[in-house]
Amino acid sequence: MDPLTTLAPPVLTAAMVILALCALAALLRALLGPRMSDRIVAVNMIGTQAICIIACLVLRLREDWLVDIAIVYAMFSFLAVAVLTKMDIGVYRQWRAAHRKSRRRRQAHGEQQGRDEA
Amino acid sequence: MIWHWLRFILGTVCLGFGLFFLVSAVVGNYRFKFALNRMHAAALGDTLGLLGTVLGVCFYEGLCPTTAKLLAVIALVWLTGPVSSHLILLMELTAGPYTDPQGTPDAQGLEQSSIDHDRHALARSQREEELP
């Protein structure tokens, strides 16, 4: 009995089921996460688990070209994290600039009011 | 045949090792409360979890070009993982509640954290001057 042809496929299937449950839990974490960074961390984790699932599928289905998909998936996962973080920082800076501008206007307004009262 | 049994056992041990770390990454992500703590748990799965799982598949697969590609996946994730962690940290420090002088979205949670707020607020005010 060759263990690599008889015993390995069930082990890989079990590993994929566990990984899929983990990915579902991480998705729930991404939905629950109160802040943007929690969500991005969870999405990054889902990417890693998807890469592991694809690596198991390579052997389970005997399709070697799936490894290329795993490489491309790793690249896109990184790209998604980079773009999302940069986008969030940009949005925060815009919000900050608008906040500052309105505060400055409010301060100037208040000073004028004070002068009027004086 | 003994060689095949050896490969199967080694691969299963590696697979179990990797799965343990991937599961513990998810558990840690639920148990920790703040994004910077959660990054620590997620990095565990990103490094050791991926290494164990992919190495287990490599042992099952044997020596062939596919194995080299699987190792390339590990190398790629290990190269990009620290960069993405750094970006998430940068985002958290720029827009996070730890250092925000006005708006603290979850102030009651912050009081329970062990982060040194004064030090972070000082760093934040220094960074604010550099911002355009």
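In every chain, residue numbers begin from 1 and rise along the written sequence. The naming scheme follows written order: chains are lettered A onward, ligands numbered 1 onward. It should be noted that, the model being predicted, local features are given only for residues of pLDDT at least 70 and side-chain atom pairs only at 80 or more, the latter also being counted only at that level, while totals for whole chains, interfaces and linings use all residues. Note: side-chain values were computed over all heavy atoms of the structure, leaving out hydrogens and water.

Draft legend 1. Focus on the interface of chain B and chain A. On the chain A side, the residues contacting the 53 residues of chain B number 54 residues. Once two parts are brought into contact, the accessible area they lose, counted with a 1.4 Å probe and summed over both, makes up the buried area. For the pair chain B and chain A, the summed buried surface comes to about 4,900 Å²; carbon and sulfur atoms form 71% of the total. By definition, a salt bridge exists where a carboxyl oxygen of Asp or Glu is found within 4 Å of a side-chain nitrogen of Lys or Arg. At the boundary of chain B with chain A, the tally comes to 4 salt bridges. For K69 of chain B, the salt bridge identified is with D68 of chain A, shortest N-O distance 3.1 Å. In DSSP terms, a helix is any run of H or I states spanning at least four residues, a strand is any run of E spanning at least two, and both are numbered starting from the N terminus. Those elements that place two or more of their residues in the side of chain B that touches chain A are α1 (2-31), α2 (35-61), α3 (65-95) and α5 (117-130) of chain B. We call two residues in contact when some of their heavy atoms are within 4.5 Å.

Draft legend 2. Geometry of unusual backbone geometry. The phi dihedral of R62 of chain A falls on the positive side, at around 55°, and the residue is not glycine. One can find R62 of chain A in the loop between α3 (36-61) and α4 (66-117).

Draft legend 3. A look at the packing of α3 of chain A against α1 of chain B. Think of each axis as a best-fit line through the C-alpha atoms, taken over the contacting stretch in the case of a helix, with angles from 0 to 180 degrees between the N-to-C directions. Where α3 of chain A meets α1 of chain B, the axes come as close as 11 Å, and the angle between the chain directions of the two elements is 165°. In terms of their interaxial angle, α3 of chain A and α1 of chain B are classed as roughly antiparallel. The interaxial crossing formed by α3 of chain A with α1 of chain B has left-handed handedness. Contact residues: V41, A42, M45, T48, Q49 and C52 of chain A in α3 of chain A; L22, A25, V26 and N29 of chain B in α1 of chain B. Polar here means any residue other than Ala, Val, Leu, Ile, Met, Phe, Trp, Tyr, Cys and Pro, which are nonpolar, and Asp, Glu, Lys and Arg, which are charged; Gly is therefore polar. Its residues assigned to classes, the contact of α3 of chain A with α1 of chain B comprises 7 nonpolar, 3 polar and no charged. Roughly parallel refers to an angle under 35 degrees, roughly antiparallel to one over 145, roughly perpendicular to one between 65 and 115, and oblique to any angle outside these ranges. In this scheme, a crossing is called left-handed if the near helix is turned counterclockwise away from the far one by less than a right angle; it is called right-handed if the turn is clockwise.

Draft legend 4. Representation of the pattern of salt bridges within the structure. Under the definition given, this model contains 4 salt bridges over all chains. Two residues, D38 of chain A and R38 of chain B, come together in a salt bridge whose shortest N-O distance is 2.9 Å. Taken together, the residues span two chains, with D38 of chain A in helix α3 and R38 of chain B in helix α2. Its relative accessible area of 4% is what places D38 of chain A among the buried residues. Where R62 of chain A meets E61 of chain B, a salt bridge forms, and the shortest distance between an N and an O atom there is 3.9 Å. Three labels apply to residues, based on accessible area from a 1.4 Å probe with only protein chains included: buried if under 20% of the type maximum, exposed if over 50%, partly exposed otherwise in between.

Draft legend 5. Structural detail: the nonpolar core. The term nonpolar core refers to a set of buried residues drawn from Ala, Val, Leu, Ile, Met, Phe, Trp, Tyr and Cys, joined through side-chain atoms within 4.5 Å. One finds L12 of chain A together with L50, V54, V57, Y60, L70 and V73 of chain B to be the most contacted residues of the largest nonpolar core, which totals 31 residues. Considering each element in turn, this core owes the most residues, 7 residues, to α3 of chain A. Other than its neighbours up to four places away in sequence, L70 of chain B contacts A55 and V67 of chain A together with V54, V57 and C58 of chain B. Formed by 14 residues, the second largest nonpolar core is a distinct cluster that contains M45 of chain A together with V26, M39 and A42 of chain B.

Draft legend 6. Here's a closer look at α3 of chain B. One less than the residue count of a helix, multiplied by 1.5 Å, gives the span that helix is expected to have. For α3 of chain B, with 31 residues, the first-to-last C-alpha span of 44 Å sits near the 45 Å given by 1.5 Å per residue. The largest bend in α3 of chain B is about 25°, located at G81 of chain B, with the proline P82 of chain B one to four residues further on. We define the bend at each residue as the angle formed by axes fitted to the 7 residues ending at it and the 7 residues starting at it.

Draft legend 7. Representation of empty space enclosed by the protein in the model. Only protein atoms enter the 1 Å grid used here, on which a cavity is any set of points holding a 1.4 Å probe that cannot leave and a pocket is any open set flanked by protein within 12 Å on both sides along at least five of seven lines; residues with an atom within 4 Å of a point are listed as lining. Grid points are joined across faces, edges and corners, and a volume is the space filled by probe spheres set on the points. Using the criterion set out here, one finds 2 cavities of 30 Å³ or more in the structure. Taken as a whole, the largest cavity encloses approximately 110 Å³ of empty space. In this structure, the largest cavity is lined by N44, G47, T48, I51, A74, S77 and F78 of chain A together with D46, V77, T80, G81 and S84 of chain B. Elements with a contribution of two residues or more to the lining of the largest cavity: α3 and α4 of chain A together with α3 of chain B. Considering only enclosed or pocket space, the second largest cavity measures out at about 60 Å³ in volume. Forming the walls of the second largest cavity are V41 and N44 of chain A together with M39, A42, A43, D46, S85 and I88 of chain B. Listed by contribution, the elements that provide at least two residues to the lining of the second largest cavity are α3 of chain A together with α2 and α3 of chain B. By residue number, the principal contributor to the lining of the second largest cavity is α2 of chain B, which donates 4 residues. Split into classes, the residues belonging to the lining of the second largest cavity amount to 5 nonpolar, 2 polar and 1 charged.

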